[in-house]
Amino acid sequence: MPSLIDNEILQIFFEEGRQTLDELETGILSLDSGSIPQDSLQSKLDEMFRHAHNFKGSSAAVGFEQLTHLAHAIEDLLTLIKSGHIEPNQPHCSAILRSIDALRKILIGLSTDSTYQAPIDHHIAELRAAITDNSISPGSTSKEHLTSDNPPPTQKVEAKVKTPSEKSDNPKSAEDKSIRVNTIKLDGLLNLIGELVVNQSMMISHRVNSTTGSDHAVQTLAYIEKIVLELQSLAMTLRMVPIKPLFQKMSRIVRDVSVQLSKEVAFQTEGDHVELDKIVLDRVTDPLTHLIRNAIDHGLETPSDRSAAGKNTTGVVSLAAQQQDDRILITVRDNGKGLDAEVLKKKAIQKNLISPESATSMSDEEAWNLVFLPGFSTKENISDISGRGVGMDVVRKAVTELKGDIRIRSKKGQGTTFEIALPLSLSIIPGMIVSVDQENYVIPVSQLVEIIELQKFDVHTSTQKGRMINLRGEVIPVHSLSELLHSGNRTIISRKNSATRPNAEYRPAIISRRQGKKFACEVDAIVGQQQIVIKKLGSEIQTMAGILGGAVLSNGEPSMILDLTSLPGLNTVNLRALASSNDKRIPSEDRHEPSKSA
Amino acid sequence: MEPTKKEFQAETDVYHDEERSAEEAVRSRYIVFTLDGELYGALLLQIREVIKMTQIKPVPHTDAWLKGVINLRGRILSVMDLRTKFGIRPRTEGSGLILIAEAENGFAGATVDTIEFVREIPDADIEPHPGIDTRIPLEQFIGIAKVGEKLIHLLDIAKIVGDLRNQKQHQNNEMKIESHLKESA
């Protein structure tokens, strides 16, 4: 009886079961793709059989009958494949993969409710049918036999870095070295280390100020300083996990979708060793899944269309990750038909998303970005694959929530590339510290385009649009961060605003972007740059527009991380300015400085 | 201090079961503090710690009584100014203290003038708060207690923190209205 089993044992079972299923799935996928070399096929089959067998055994041990039965049926089929009685083909693999999905589902269900049940009979029937069909007429499926000599016509998985079959003989060795840790504990640890760093830097400044310390104490302090720095950089990596499991998940999706759509797809991955924050990884899974489905469904042509266009009938979808400084760049590329700017515009006009006038002045890139508008779908009929109410707008929203960017590049007839740039970590970001009304605020460096010296520009004031400057020919609105921050709180304005600023010699302003359009934000001073650990604030503050989180500055001072793009007050003013700068490139102000507007 | 001892004696006499009284004693222990000379109390179990006044960073676009945030050993906590919240004139002397209160949905600080004492106040000594001339919603009070000649307003500080957490909706709406007004202006 499951209820009698120690909860801890069950947790181990769930965890191991999940891993075993993942490994079995990886094996089946490589079998299905025909990527296993003939000489190692037998050992791979043995391994798959062992996974199924182990899963069955441990399920029986903890008393989960459904899992045991279904795993048993998988084991039966694998036994026959292993012994050579059945040549594995795609329907076999599909049946096993579907059963693995069912096992996973039950496993998850059982982890919260030990009496959880799901229909499994049809899966067992499917596995049994696969056995009997094959033994009755083994020749009927011979065309689909999956060996490396005879690659399957419909689907192929290529992994540039490492195919599952190339994995080392002992794939567990790496995993065994890691343990699962509750993220709350981890956050607590990071918090304390952050404080340690702050206090240490304060101690250093005390040491500089005083001469009383003995040599020995000074030496020890220097040593502690080193340790703390190392501790901090180590702590920063604790949350980072490799992207590889996500790539494996995607290869499964490619397989399923390509079979479903009868498209021939070669899936390539690159950079599966890249690491990123666990939260980022979790939250990028859905958008990536959508992009991959989309690439196969909408991006790639049908095999006949491809050969008509003189292309290889097998389309290529590639997924790559690479680290660029503080960001992770994930690209999803297909070599399909590419985006047609005119078709996109037409569709957007049809759906009343844009006006015909604005369409004519639209660049190709702007037209591609139309796919991100809510309610936009490039295919006539919403398909089962990528049209399940999830649109590209949801993809962009998810990426934006992760403080990332998504861009499209496309060439007609040659394919489309989606580039997602994500922060390495959601908890640590490079921040620019600025001072406004004697208070320090943090602005994420990712939101920063450049810093200008406002006093070097002619600031034009128009009653309707507020202040503007001409930045290298581009007219951009100028806001005062002080006003933006204090517009809702008159007491602070009256207390502080009068004393500081105007006519200062040096008036820095931060150029940032909102919906692709630049704006300037005037601040009192740029204090410096610092790695910022993002702290959660009480929900009464955290949920406010314009506030991204809290931070502790290097001197221990509490501060707020601002989200310039969602700061209230910016929206209305900025949108108006946008509307006018959108209309025509040259507003009246430019006439004063013809030299700059080139 | 004389009447206090007597009272304590009286209280223990009420409970014949000693174990029960010990548990009761912990649960009915209050930390008593002042705001502009008036006595206020909060359940000791709801107070995590008391710290000296530290740098409070104001938060833009918030009510004045949400004084700002502090850095408490690496955690950023909101701090309420209880004087402002209760409509008491701002403090003119002394730097004050911050009570760190614990609620179901997290911690928050509350500024007070001084801490007077910690004491058990049995439920029998607590009367419902009359709610005269107060800006505090009545449900944020536990009641009013008489200790000797003095009256102590007993606050449900966990409720106050909880209400702070829940007020975000209201506040964000206000902000929306405000920006809307600005737009139409």
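Rules used throughout
- Residues numbered from 1 in each chain as written.
- Chains lettered and ligands numbered in written order.
- Predicted model: local features only at pLDDT ≥ 70, side-chain atom pairs only at ≥ 80, totals over all residues.
- Heavy atoms only, no water.
- Helix = DSSP H or I, 4+ residues; strand = E, 2+ residues; numbered from the N terminus.
- Buried < 20%, exposed > 50% of the residue type's maximum accessible area, 1.4 Å probe, protein only.
- Contact = heavy atoms within 4.5 Å.
- Areas by Shrake-Rupley, 256 points an atom, 1.4 Å probe, with all protein chains shown as cover.
- pLDDT = per-residue confidence, 0-100.
- Pairing = 2+ DSSP bridges.
- Polar contact = N/O pair within 3.5 Å; in protein donor to acceptor, adjacent residues only side chain to side chain.
- Salt bridge = Lys/Arg side-chain N within 4 Å of Asp/Glu carboxyl O.
- Arc of directions from axis to C-beta.
- Axes fitted to C-alpha atoms, helices over the stretch in contact; angles between N-to-C directions.
- Left-handed = near helix turned anticlockwise from the far one by under 90°.
- Nonpolar A, V, L, I, M, F, W, Y, C, P; charged D, E, K, R; others polar.

**Describing the overall build of chain B**
Secondary structure summary: chain B contains five helices and eleven strands in total. A burial count over chain B gives 47% of its 185 residues as buried. Long-range pairs, those at least 24 residues apart, make up 56% of the contacts in chain B between residues at least 6 apart in sequence. Of the accessible surface of chain B, which amounts to about 10100 Å², a share of 50% is contributed by carbon and sulfur atoms.

**Considering the confidence of the model for chain A**
This prediction gives chain A a mean pLDDT of 77; 79% of its residues lie at or above 70. Across residues 135-175 of chain A, confidence stays below pLDDT 50; counting only partners more than four residues off in sequence or on other chains, it has 72 contacts.

**Topic: the pairing of strand 3 (residues 265-270) of chain A**
Residues and elements named next belong to chain A. Where burial is concerned, most of strand 3 is hidden: five out of the six residues are buried. When strand 3 meets strand 5 (residues 315-324), the two strands line up parallel, connected through six bridges. Considered in strand 5, the bridge of Gln268 is made with Ser318.

**Thoughts on the pairing of strand 10 (residues 439-444) of chain A**
In summary, the side chains of a regular strand alternate between the two faces of the sheet. Residue and element names in this part refer to chain A. Taken across its six residues, strand 10 has six buried, putting it largely inside the fold. Residues Glu439, Tyr441 and Ile443 of strand 10 are buried on one face, and the alternating residues Asn440, Val442 and Pro444, pointing to the opposite face, are buried as well. Sheet topology note: the strand 9 (residues 428-436)/strand 10 ladder contains six bridges and is antiparallel. Along strand 10, the bridge assignment pairs Gly431 with Pro444.

**A look at the side chain of Ser30(A)**
In this fold, Ser30(A) is placed in helix 1 (residues 7-33). Looking at Ser30(A), its side chain comes within polar contact range of the main-chain oxygen of Gly27(A), at 2.8 Å.

**With respect to the pattern of salt bridges**
Under the definition given, this model contains 40 salt bridges over all chains. As a salt-bridge pair, Asp256(A) and Arg255(A) come within 3.4 Å of each other at their nearest N and O atoms. One salt bridge connects Arg165(B) with Glu540(A), and the closest N-O pair in it is separated by 2.5 Å. Residue Arg165(B) is found in helix 4 (residues 157-166), and its partner Glu540(A) is found in helix 18 (residues 539-542); the two belong to separate chains. Residue Arg165(B) is classed as buried on the basis of its relative accessible area of 5%. In the salt-bridge network here, residues are joined through shared partners; they are Glu15(A), Arg18(A), Asp22(A), Glu25(A), Asp32(A), Asp101(A), Arg104(A), Arg252(A), Arg255(A) and Asp256(A).

**Description of helix 15 (residues 392-401) of chain A**
Residue and element names in this part refer to chain A. If you check which residues of helix 15 are buried, you get Met392, Val395, Ala398 and Val399. With its buried residues spanning 120° around the axis, helix 15 presents them on a single face. Buried residues along helix 15 sit in contact with helix 10 (278-299), strand 7 (405-411) and strand 8 (415-423). After helix 15 finishes, the residue Lys403 shows a positive phi value of roughly 65°.

**A word on unusual backbone geometry**
When glycine is set aside, most residues are seen to have a negative phi, and most peptide bonds are trans. Residue and element names in this part refer to chain A. At Gln438, a residue that is not glycine, the phi angle is positive and equals roughly 65°. Positionally, Gln438 belongs in the loop between strand 9 and strand 10. The class of Gln438 is exposed, set by a relative accessible area of 58%.

**With respect to the sheet that holds strand 4 (residues 66-72) of chain B**
Residue and element names in this part refer to chain B. Taken in spatial order, the five strands make up an open sheet running 3-6-7-5-4, and their pairing is mixed. Each end of this open sheet is capped by a strand with a single partner; those strands are strand 3 (47-52) and strand 4. Between one strand axis and the next, the sheet turns through 30° on average, direction left out of account.

**A few points about the packing of helix 10 of chain A against helix 15 of chain A**
Residue and element names in this part refer to chain A. Contact geometry for helix 10 and helix 15: axes closest at 9 Å, N-to-C directions at 150°. At the point where helix 10 passes helix 15, the crossing takes the left-handed sense. When helix 10 is examined against helix 15, the residues Arg283, Pro287, His290, Leu291 and Asn294 are found in contact with a partner set consisting of Met392, Val395, Ala398 and Glu401. Its residues assigned to classes, the contact of helix 10 with helix 15 comprises five nonpolar, two polar and two charged.

**Side note on the environment of Pro119(A)**
All names here are of chain A. One can find Pro119 in the loop between helix 4 (90-112) and helix 5 (121-136). Classification of Pro119 by relative accessible area gives exposed; the value is 61%. Through-space distance from the C-alpha of Pro119 to that of Ile106 is 9.4 Å; in sequence the pair is 13 residues apart.

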